[in-house]
Amino acid sequence: MTTRILDILGVGSREDSYTDLIVTAIESIPEFQKELLDVLNEPNADDWKTFVRLPVAICKPGSDRVKDIPDIVLFSKSQNRIIVIENKLFSGEGWKQTERYATAEFQSSLIDKLEANKPSFGYYYLTISGELPASNAFKAISYINHIEKAIPGALPDSNIGLLMQEFKERIEEFKNWPKPESTDKIIDYLRTCNGFVSP
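A few points on the structure. (Residues numbered from 1 in each chain as written. Predicted model: local features only at pLDDT ≥ 70, side-chain atom pairs only at ≥ 80, totals over all residues. Heavy atoms only, no water.)

Digging into the nonpolar core
Convention followed: Here, nonpolar core means buried Ala, Val, Leu, Ile, Met, Phe, Trp, Tyr and Cys residues that are tied together by side-chain atoms lying within 4.5 Å of each other. Under the scheme applied here, a residue whose accessible area is under 20% of the maximum for its type counts as buried, over 50% as exposed, and between as partly exposed, the area being computed with a 1.4 Å probe on protein chains only. Secondary structure elements follow DSSP: runs of H or I no shorter than four residues count as helices, runs of E no shorter than two count as strands, and numbering proceeds from the N terminus. Contacts between residues were defined by any pair of non-hydrogen atoms, one from each residue, lying within 4.5 Å.
Of all hydrophobic cores here, the largest spans 33 residues; its most connected members are Ile22, Phe32, Tyr143, Ile147, Met164 and Phe167. Every element with two or more residues in this core is listed here: α2 (15-28), α3 (30-39), β4 (72-76), β5 (81-87), β6 (120-127), α6 (143-150) and α7 (159-176). Element by element, the count of residues in this core is highest for α2, at 6 residues. Residues within four places of Ile147 in sequence aside, it is in contact with Ile22, Phe32, Leu36, Leu126, Ser142, Phe167 and Ile171.

Now the structure itself:
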């Protein structure tokens, strides 16, 4: 793809743009939702609700924090299951971020907010190539091994379809990006980096 829509819009290097794109695709492309749940080994159900950057109140004695904001939350009442996905792109994990999301206080507040009844939790830490989170409660997943596999081959002829095609192409580009040669001038090599390939 020579035309990069996300770059034209000025959002191609923003993590939030890809978080929003994933959530929109879950909501509007049933095949993507099904495949994503399959690659995560999560139950497929018709009632998954999605939430992006959902503020979760924190009431922990001795803590100055009043809320935490996970990137993506999915909730299925029929499966009594909550999935928390923290997406990291162009940045690392915030201070004890995944550890905070795995605490009893966070879980209790999220359960109250979603009006759930003793649900089970699935925690996922999404990065471009599967970096590890600080918390052992989170499973490392990647754009390469999970998101790309979930993107259907036949995408809808719509704005979200075009953006998901570009998303897939950016992941492919990252996977196939050549490493610098010993004879390369580093400044020239870095000037060619784009998409998910960053210096």
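Description of the environment of Val73
Assignment of secondary structure puts Val73 in strand β4. What makes Val73 buried here is its relative accessible area of 0%. With 25 residues separating them in the primary sequence, Val73 and Trp48 have C-alpha atoms 9.8 Å apart. Apart from residues lying up to four places away in sequence, Val73 is in contact with Lys49, Thr50, Phe51, Ile82, Ile83, Leu110 and Leu114.

With respect to the pattern of salt bridges
Which entries qualify depends on this criterion: By salt bridge we mean one thing: a side-chain nitrogen of Lys or Arg within 4 Å of a carboxyl oxygen of Asp or Glu.
A complete count under the given rule lists 9 salt bridges for this structure. A salt bridge links Arg53 to Asp20; the nearest nitrogen and oxygen atoms lie 2.6 Å apart. Of this pair, Arg53 sits in the loop between β1 (48-52) and β2 (56-57) while Asp20 sits in helix α2; the two residues are 33 residues apart in sequence, bridging distant segments of the chain. Take Asp20: its relative accessible area is 30%, and that puts it in the partly exposed class. Residues Arg100 and Asp68 are paired through a salt bridge, measuring 2.9 Å at the closest nitrogen-oxygen approach. A residue pair is termed long-range when its members are at least 10 positions apart, and Arg100 in helix α4 (residues 97-101) and Asp68 in strand β3 (residues 67-68) qualify at 32 residues.

Things to note about the packing of aromatic side chains
Selection rule: Only Phe, Tyr and Trp rings are paired, with Trp represented by its six-membered ring, and only when their centres lie within 6.5 Å; those with planes under 30 degrees apart are stacked, over 60 edge-to-face, the remainder tilted.
Summed over the entire model, instances satisfying the criterion amount to 5 aromatic pairs. Members of the aromatic cluster, each reached through a chain of ring pairs, are Tyr18, Tyr143 and Phe167.

By themselves, these figures tell us nothing about what the structure is for.
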